[in-house]
Amino acid sequence: MTLGVLFFTGWALNRGYDWYLALLIATCAVTVGTGLAYIPRVFMRVVRALGREE
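For the structure given in this document, a descriptive report is provided here. This is a predicted model, so every value here is computed, not measured.

## Side note on helix 2 (residues 19-51)
Compared with an ideal rise of 1.5 Å per residue, which puts 33 residues at 48 Å, helix 2 spans 49 Å between its outermost C-alpha atoms and is within 8% of the ideal. Taking the largest bend as the criterion, helix 2 deviates by roughly 30°, centred on Tyr38, and proline Pro40 comes between one and four positions later.

## Looking at helix 1 (residues 2-14)
Taking 1.5 Å of rise per residue, the 13 residues of helix 1 would be expected to cover 18 Å, and the 18 Å separating its terminal C-alpha atoms lies within 8% of that figure. Taken from the residues just after helix 1, Gly16 is the one with a positive phi, measuring 105°.

## Observations concerning the packing of aromatic side chains
With the rule as written, the count across this model stands at 3 aromatic pairs. Each ring, one from Trp11 and one from Tyr17, has its centre 6.5 Å from the other, and the planes form 35°; the classification is tilted. On the accessibility criterion, Trp11 (37% relative accessible area) is partly exposed.

## Some thoughts on a nonpolar patch on the surface
A cluster of nonpolar side chains, namely Phe7, Trp11, Leu13, Tyr17, Trp19, Tyr20, Leu21, Leu23, Leu24 and Ile25, defines an oily patch on the protein surface of about 1,000 Å² accessible area. Among the secondary structure elements, Leu23 is positioned in helix 2. Overall, the relative accessible area of 40% leaves Leu23 in the partly exposed class.

## Remarks on the packing of helix 1 against helix 2
Running from N to C, helix 1 and helix 2 cross one another at 150°; their axes reach a closest spacing of 9 Å. Accordingly, the angle class assigned to the pair helix 1 and helix 2 is roughly antiparallel. Considering only the axes of helix 1 and helix 2, their crossing is right-handed. Side by side, helix 1 and helix 2 meet where Val5, Phe8, Thr9, Ala12 and Leu13 of the first sit next to Trp19, Ala22, Leu23, Ile25, Ala26 and Val30 of the second. When grouped by side-chain class, the residues that make up the contact of helix 1 with helix 2 number 10 nonpolar, 1 polar and no charged.

## Section: a positive patch on the surface
A grouping of Arg41, Arg45, Arg48 and Arg52 is seen on the molecular surface, where their side chains present a positively charged patch. Tracing the backbone through its elements, the reader meets Arg45 in helix 2.

Basis of the calculations
- Residues numbered from 1 in each chain as written.
- Predicted model: local features only at pLDDT ≥ 70, side-chain atom pairs only at ≥ 80, totals over all residues.
- Heavy atoms only, no water.
- Helix = DSSP H or I, 4+ residues; strand = E, 2+ residues; numbered from the N terminus.
- Expected span 1.5 Å × (residues − 1).
- Bend = angle between axes of the 7 residues up to and from the residue.
- Phe/Tyr/Trp six-rings, centres within 6.5 Å; stacked < 30°, edge-to-face > 60°.
- Buried < 20%, exposed > 50% of the residue type's maximum accessible area, 1.4 Å probe, protein only.
- Patch = residues over 30% accessible without salt bridge, like charges linked within 9 Å, V, L, I, M, F, W, Y side chains within 5 Å.
- Areas by Shrake-Rupley, 256 points an atom, 1.4 Å probe, with all protein chains shown as cover.
- Salt bridge = Lys/Arg side-chain N within 4 Å of Asp/Glu carboxyl O.
- Axes fitted to C-alpha atoms, helices over the stretch in contact; angles between N-to-C directions.
- Parallel < 35°, antiparallel > 145°, perpendicular 65-115°, else oblique.
- Left-handed = near helix turned anticlockwise from the far one by under 90°.
- Contact = heavy atoms within 4.5 Å.
- Nonpolar A, V, L, I, M, F, W, Y, C, P; charged D, E, K, R; others polar.
- Lys, Arg positive; Asp, Glu negative; His and termini not counted.
- Charge placed at Lys NZ, Arg CZ, Asp CG, Glu CD.

What follows is the structure, given as structure tokens:
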């Protein structure tokens, strides 16, 4: 993931984006990407919790 962020930041800077805008976009992408990795785990916890109702 680090290599991807560096690649994107370099690409954006070469395209003429401001450095802070490139870092902001990369930071948001990492945050969303990291959050998406946890969705299946959270979903399975909710399903198990609903299945245990007594």
